[in-house]
Amino acid sequence: MKVANPIYDSVFKYLLADNHVAKVLISNILDIQINTLHLEPTEINYKDEERNFTIFRIDFKATITLENNEKQVVLIEIQKAKLNTDIVRFRKYLGTQYADPNNSYPNQPEKAIPIYTIYFLGHNLDHSTQSPIINVNREYIDNYSKEKLTEKEEFIECLTHNSVVVQIPLFKIYRRNKLEKLLSIFEASTNHEVEIEELEDEDYQLVSRRLLKANADNAIRKQMDVEDEIISELTNKDRKIATLESRNEEITKEKEEERKQKEVEKIQKEEAIKMMIKFGIPLETIANNLKISVEEINKII
């Protein structure tokens, strides 16, 4: 079955626009039961005048209520291409969310809502190449006894956060459990549509049917085209910056080598002058041989 590739922002937005699908996807990733979910995509508009439509760079934020009525803010980032600016951009966005007064309980602005992050990466990390889904979970540990503490603290929950990192390319190898099979719908490629398996799992079918509808939407297809262009431009820009930085390093290295060489030549010249003076050679003769002035020789000696 061919469906739209959800690694594209426009497709992922369409996928999560169905509240039931969003709850199923996020609850599976975080392994929690969600009572309510409110999605707030943050959109940066990119107007394409030629095609007469707008494409968005989207940061996804969901505010969820758990079974015990506690709330969580879930930030979801999708990164198709590996860019040098990724980590800085993620940190800036994370910082704005920690500072956002809207991420507090209604009518209790002093009571912050804990934050959870989910990162979908279209590339692999450097070392964790056997772990398509990495859960980064905090632990409370007593420093003296090294025992784990079981009771959560609001202070800690609201100033630190758990995270899930999803390495999409690894789903070509690993599909060992329900979650890995569910997320294998994502493909780290520029293919607008992807061929997926047809599985009996109810959650998998719910997500795949939604992506099947997205694949038939011409507006989404056009948005995917522009996303490809934007990614291509960003990648080229990133490559040019890397080339310039490399060249600047070479120039700096060349200048340093030149400085060192001049320093060596200066020392050698000074030693030669001192040696010739020691043997009684007149200063005028030394000056003529080395093509420098007598005044310069006097400064050296």
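Cut-offs and rules
Residues numbered from 1 in each chain as written. Predicted model: local features only at pLDDT ≥ 70, side-chain atom pairs only at ≥ 80, totals over all residues. Heavy atoms only, no water. Helix = DSSP H or I, 4+ residues; strand = E, 2+ residues; numbered from the N terminus. Buried < 20%, exposed > 50% of the residue type's maximum accessible area, 1.4 Å probe, protein only. Contact = heavy atoms within 4.5 Å. Areas by Shrake-Rupley, 256 points an atom, 1.4 Å probe, with all protein chains shown as cover. Axes fitted to C-alpha atoms, helices over the stretch in contact; angles between N-to-C directions. Parallel < 35°, antiparallel > 145°, perpendicular 65-115°, else oblique. pLDDT = per-residue confidence, 0-100. Pairing = 2+ DSSP bridges. Expected span 1.5 Å × (residues − 1). Polar contact = N/O pair within 3.5 Å; in protein donor to acceptor, adjacent residues only side chain to side chain. Salt bridge = Lys/Arg side-chain N within 4 Å of Asp/Glu carboxyl O.

Draft legend 1. Quick peek at the overall build of the protein chain. Assigned secondary structure in the protein chain consists of nine helices and ten strands. Counting the 301 residues in the protein chain, one finds 38% classified as buried. When contacts within the protein chain are restricted to residue pairs at least 6 apart in sequence, those whose partners lie at least 24 apart make up 65%. As displayed, the protein chain has an accessible area near 18,800 Å², and 50% of this comes from carbon and sulfur atoms.

Draft legend 2. Just the packing of helix α1 (residues 9-16) against helix α2 (residues 19-30), in detail. The contact between α1 and α2 brings their axes to 6 Å, and the two run at 105°. Between α1 and α2, the angle falls in the class roughly perpendicular. Contact residues: Phe12, Leu15 and Leu16 in α1; Asn19, Val21, Ala22 and Leu25 in α2.

Draft legend 3. Looking closely at the confidence of the model for the protein chain. In the predicted model, the protein chain carries a mean pLDDT of 85, and the fraction of residues at 70 or more is 88%. A low-confidence stretch, residues 51-55 (pLDDT under 50), is modelled with 21 contacts involving residues beyond four sequence positions or located in other chains.

Draft legend 4. The arrangement of the pairing of strand β7 (residues 115-121) in detail. Among the seven residues in β7, seven count as buried, and that is most of the element. By the alternation rule, side chains of β7 split into Ile115, Thr117, Tyr119 and Leu121 and Tyr116, Ile118 and Phe120, which are all buried. Direction of pairing for strand β4 (residues 71-79) relative to β7: parallel, over a ladder of seven bridges. Residue pairing for β7: Glu77 is matched across the bridge by Tyr119. In the sheet, β7 pairs with strand β9 (residues 163-167) via five bridges, with the strands oriented parallel. In the strand pairing of β9, Thr117 is matched with Ser163.

Draft legend 5. Layout of helix α6 (residues 202-215). Along its 14 residues, α6 runs 20 Å from first to last C-alpha, staying within 8% of the 20 Å computed at 1.5 Å per residue. For α6, the complete set of buried residues consists of Asp203, Tyr204, Leu206, Val207, Ser208, Arg210, Leu211, Ala214 and Asn215. The backbone nitrogen of Asp203 has a side-chain oxygen 3.1 Å away, supplied by the residue at the start of α6, namely Asp201.

Draft legend 6. Representation of the pattern of salt bridges in the model. Counted under the stated rule, the structure contains 13 salt bridges. The closest approach of N and O atoms between Lys61 and Asp100, which form a salt bridge, is 3.8 Å. With Lys61 in strand β3 (residues 53-66) and Asp100 in the loop between α3 (86-99) and β5 (104-105), the pair connects residues that are 39 residues apart, well separated along the chain. Ionic pairing is found between Arg259 and Glu256, a salt bridge with its closest N-O pair at 2.7 Å. Note that Arg259 and Glu256 are positioned in helix α7 (residues 218-278) at a spacing of three residues, about one turn of the helix. We classify Glu256 as partly exposed; its relative accessible area is 31%. Overlapping salt bridges, with partners in common, bring together Lys2, Glu193 and Arg221 in one network.

Draft legend 7. Representation of the side chain of Asn103 in the model. Its location among the elements puts Asn103 in the loop between α3 and β5. Looking at Asn103, its side chain comes within polar contact range of the main-chain oxygen of Gln97, at 2.7 Å.

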